[in-house]
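# Per-entry structural report
Chain residues, written in single-letter form:
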Amino acid sequence: LGFTWLKKDLPKTHSTLSAIAVLNGMAPADSLSNRTMASITSGLVYNYKHKEWKAVMGVYYQAGKTSGNLDISAYMLNACAEYRKNKVFTALGADVLSGNSDNTPANKSKNFSTLYATNHKFYGYMDYFLDMPTDTKQRGLMDFYWRMGIIPHKNMAISLDTHAFSLAQNRNNTAQKTGKYLGTEFDLLFDYRSSDMVSLQAGYSMMFASRSMELLKGGNAGTYNGWAYVMVKVSPTLFIHEFIN
């Protein structure tokens, strides 16, 4: 594993520009091979924050080899804009991860891999899409989302996220054709921070899946699909020491 990260402040524009590159080495899928496969992921990220507005835009490109010795040419795009006024906030965003099409050559891969699981942080709280690209059968993912919320107290926030999930590419070469639209997910979240160390979080989520999600994941798209949880999070600071030259 090798990585580099560069960041440049652009104070007159209330923004920053950063660049990242990650070299990820993998053992080959062929157990008889002694080669090390490697991919490189590079990207640019633009962040803007001024008064009530906050925005982020990113573009990433992935090249190299998969563990199965396929040539990688994949991309990911993301953008999000948030407006916050007094105790109300709303955000609109999209994530697009490329995937294989029916015409992708057998020795190529257009699947963008997120490299390491980001469990629960992106793509909805029901965790349908944790291992990319495996969780979409190598067809990529498009996630268009809208967030709205209120902050009734400085230590409390209530928000509702709406996600519309689609495949980046159709699956037409299977016995049952799969359309792009997968379903819509709603995530209701309550967060209360009683101190810097302890917080309480409660959530309720529902997924309204399409026939394509059923073909992709199995199960029955017509049945109830939801969950609720309550979590107490304790984050103690165990050690602080400042070294002064």
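Residues numbered from 1 in each chain as written. Predicted model: local features only at pLDDT ≥ 70, side-chain atom pairs only at ≥ 80, totals over all residues. Heavy atoms only, no water.

## As for the overall build of the protein chain
Broken down by element type, the protein chain carries one helix and twelve strands. Ordered by position from N to C terminus, the α and β elements of the protein chain give β-β-β-β-β-β-β-β-β-β-β-α-β. Once the C-alpha set of the protein chain is aligned to its principal axes, its extents read approximately 60 × 55 × 40 Å. Here the protein chain holds 245 residues, and the buried ones make up 32% of them. For the protein chain, the share of sequence-separated contacts (at least 6 apart) that also reach a separation of at least 24 residues comes to 52%. Of the roughly 15,100 Å² of accessible surface on the protein chain, 60% is carried by carbon and sulfur atoms. (Helix = DSSP H or I, 4+ residues; strand = E, 2+ residues; numbered from the N terminus. Buried < 20%, exposed > 50% of the residue type's maximum accessible area, 1.4 Å probe, protein only. Contact = heavy atoms within 4.5 Å. Areas by Shrake-Rupley, 256 points an atom, 1.4 Å probe, with all protein chains shown as cover.)

## Some remarks on the pairing of strand β1 (residues 2-10)
In terms of residue burial, β1 counts as a barely covered element, since only zero of its nine residues are buried. With nine bridges joining them, β1 and strand β2 (residues 15-26) adopt antiparallel strand pairing. Looking at the pairing, K7 lines up with S18 of β2. (Pairing = 2+ DSSP bridges.)

## Things to note about the nonpolar core
Residues Y123, F129, L141, F165 and L182 are the most contacted members of the largest nonpolar core, which totals 19 residues. Looking at this core, the elements that each hand over two or more residues are β5 (71-85) and α1 (211-217). Setting aside its immediate chain neighbours within four residues, L182 contacts F129, L141, F165, S166, L167, A209, S210, S212, M213 and L216. (Core = buried A, V, L, I, M, F, W, Y, C linked by side-chain atoms within 4.5 Å.)

## Regarding the environment of N220
In this structure, N220 sits in the loop between α1 and β12 (226-234). Once the C-alpha coordinates of N220 and A209 are considered, the two residues, eleven residues apart in sequence, prove to be 8.8 Å apart. For N220, the side chain forms a polar contact with the main-chain nitrogen of G222, separated by 2.9 Å. (Polar contact = N/O pair within 3.5 Å; in protein donor to acceptor, adjacent residues only side chain to side chain.)

## Some thoughts on the packing of aromatic side chains
Considering all chains together, one arrives at six aromatic pairs under this definition. With a centroid separation of 5.9 Å and 80 degrees between ring planes, the pair formed by F186 and F208 is classed as edge-to-face. Residue F186 is found in strand β10 (residues 181-193), and its partner F208 is found in strand β11 (residues 198-209); the two are separated by 22 residues along the sequence. Chaining the aromatic ring pairs together yields one cluster made of Y128, F129 and F165. Over the ring of F89 we find R84; its NZ or CZ atom is 4.6 Å from the centre of that ring. (Phe/Tyr/Trp six-rings, centres within 6.5 Å; stacked < 30°, edge-to-face > 60°. Lys NZ or Arg CZ within 6 Å of the ring centre and 35° of its normal.)

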